[in-house]
Amino acid sequence: MSFPIDRPRRLRRNEAIRRLVREHHLTVNDLVQPLFVVPGSNIRNEISSMPGQFHLSIDKVVEESKRIFELNIPAIILFGIPEFKDPHGSNAYNMDGIIQRAVRMIKRAVPNLLIITDVCLCEYTSHGHCGILINETVENDATLELLAKTAVSQVRAGADIVAPSDMMDGRVAAIRKGLDEAGFLDTTILSYAVKYASSYYGPFREAAGSAPQFGDRRGYQMDPANIEEALREAELDLEEGADMLMVKPGVAFLDVLAAVKQKFGRITASYQVSGEYAMIEAAARNGWIDRKKIVMETLTSFKRAGADFILTYYATEVAEWLKGDGE
Ligand code: PBG
Ligand code: ZN
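In what follows, the accompanying structure is described. (Residues numbered from 1 in each chain as written. Chains lettered and ligands numbered in written order. Predicted model: local features only at pLDDT ≥ 70, side-chain atom pairs only at ≥ 80, totals over all residues. Heavy atoms only, no water.)

**A closer look at the nonpolar core**
Of all hydrophobic cores here, the largest spans 104 residues; its most connected members are Phe 36, Leu 78, Leu 190, Val 194 and Val 318. Residues within four places of Val 318 in sequence aside, it is in contact with Leu 26, Leu 31, Val 295, Met 296 and Leu 299. (Core = buried A, V, L, I, M, F, W, Y, C linked by side-chain atoms within 4.5 Å. Buried < 20%, exposed > 50% of the residue type's maximum accessible area, 1.4 Å probe, protein only. Contact = heavy atoms within 4.5 Å.)

Listed below in structure tokens is the structure:
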């Protein structure tokens, strides 16, 4: 059947029919809000590289978490900026570290909000790399033990889901073993299975003070030119016990997201990262794009590509927009 019998425009004639035939929908259930926690109290400082996002002290993060829970967003992901950094990133696995304290306070205030913790050392190491160094190279196997320790300490504090973002080989298995030995058999691992060495993380690194002091992350994060390797990474993480996968960044890697989702049929998340957020904000602030429409179109494209949920700095705002919205 073809034109003039078939006229696809018949299904686009008005908003009611467009709603009826719409294939993909973004809902509040798809959203995870990232939050940055800093030491101190009563702090809510706008992050210069990510306008509209804030450095929050624990009391303020608790307030924000309550608001997020009331908006019916299922989960937050926490990033910590520690009091001090050292070569071994010891504040990542200190029971009194910034994340561990924040998790305890949030759990007490909003027990039913899922807390995801990012498991990595780069925010805590003085050199800014995601693992520990031996002669200026990131030592894979020595790092695994510290990552497992970090995850266990976060879960002891009350984290529901741990999300390793370091890209060391074998980290999912090491974390699963650590959690199981500590009795946390039911704690979920969301693996940043496919994480590219991307320039889109720039604004985050400024926000977290986690830019590497020398070199770059290309020795452990993936080459943006590769997709076969992405499938291999996802497969390995599933074999090691990942409950859910993530592909990161978002828009520039939607093909990878679609391929991972199609090949494994497992829960697969996507992360609209800091650089993607900053680019939309910059264009919107110049009046060059319609901010709300661009955000909704972009996040819906993640759903179309196969994302089960999305980590996005827009989560809270989108949840507000979706309230009482028939779309
Ligand atoms: C830590 C981590 C990073 C991001 C999430 N976890 C930064 C990096 O790998 O350098 C980036 C998130 C964003 O850009 O929004 N490894
Ligand atoms: Zn890292």
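**Some remarks on the coordination of the zinc ion (ligand 2)**
Here the zinc ion (ligand 2) is held by Cys 120 (SG), Cys 122 (SG) and Cys 130 (SG), and the distances to it run 2.2 to 2.3 Å. Each donor residue of the zinc ion (ligand 2) belongs to the same chain, and together they define the spacing C-x1-C-x7-C. Since its relative accessible area comes to 0%, Cys 130 is described here as buried. (Donors = N, O, S within 2.8 Å, 3.2 Å for Na, K, Ca; no water.)

**Re the site of ligand 1**
The immediate surroundings of ligand 1 are formed by 18 residues, with Lys 195, Arg 205, Lys 248, Ser 274 and Tyr 313 found nearest. Between ligand 1 and the protein, one listed contact pairs a nitrogen atom with a side-chain N or O atom of Asp 118 at 3.3 Å. Lys 195 places a side-chain nitrogen or oxygen 2.6 Å from an oxygen atom of ligand 1. Against a free-state accessible area of 410 Å², the protein chains account for coverage of 100% of ligand 1. Every element with two or more residues in the shell around ligand 1 is listed here: β9 (188-195) and α6 (202-208). When its residues are assigned to classes, the shell around ligand 1 shows 9 nonpolar, 3 polar and 6 charged. (Near = heavy atom within 4 Å. Polar contact = N/O pair within 3.5 Å; in protein donor to acceptor, adjacent residues only side chain to side chain. Areas by Shrake-Rupley, 256 points an atom, 1.4 Å probe, with all protein chains shown as cover. Helix = DSSP H or I, 4+ residues; strand = E, 2+ residues; numbered from the N terminus. Nonpolar A, V, L, I, M, F, W, Y, C, P; charged D, E, K, R; others polar.)

**Things to note about the pairing of strand β12 (residues 309-312)**
Going residue by residue along β12, you find Phe 309 and Leu 311 tucked away on one face and Ile 310 and Thr 312 tucked away on the opposite face as well. Judged from the 2 bridges that link them, strand β1 (residues 31-37) and β12 form a sheet pairing that is parallel. Across the sheet, residue Val 32 finds its bridge partner in β12, namely Leu 311. (Pairing = 2+ DSSP bridges.)

**Digging into unusual backbone geometry**
Geometrically, the link from Phe 3 to Pro 4 is a cis peptide bond, its omega value of 10° lying close to zero. By the element assignment, Pro 4 lies in the segment before α1 (15-21). A positive phi is found at Glu 136, a non-glycine position, where the angle reads about 65°. If you trace the backbone, Glu 136 turns up in the loop between β6 (133-134) and β7 (137-138).

**Quick notes on the packing of aromatic side chains**
Counted under the stated rule, the structure contains 9 aromatic pairs. Judged by centre distance (6.3 Å) and plane angle (5°), the rings of Phe 36 and Tyr 313 are stacked. Note that Phe 36 is positioned in strand β1 and Tyr 313 in the loop between β12 and α11 (315-322), a separation of 277 residues in sequence. Pairwise contacts between aromatic rings join Phe 36, Phe 79, Tyr 192, Phe 204, Tyr 271, Tyr 277, Tyr 313 and Tyr 314 into one cluster. One residue, Lys 195, lies across the ring of Tyr 192, its end atom 5.3 Å from the ring centre. Sitting over the face of the ring of Tyr 201, Lys 248 holds its NZ or CZ atom 4.3 Å from the ring centroid. (Phe/Tyr/Trp six-rings, centres within 6.5 Å; stacked < 30°, edge-to-face > 60°. Lys NZ or Arg CZ within 6 Å of the ring centre and 35° of its normal.)

**So, the side chain of Lys 303**
You can see Lys 303 is positioned in helix α10 (residues 291-305). For Lys 303, a relative accessible area of 15% puts it in the buried group. Within the structure, the side chain of Lys 303 is placed 2.9 Å from the side chain of Asp 30, a separation counted as a polar contact. For Lys 303, the residues in contact, after removing those within four places along its chain, are His 24, His 25, Leu 26, Asp 30, Asp 308 and Ile 310.

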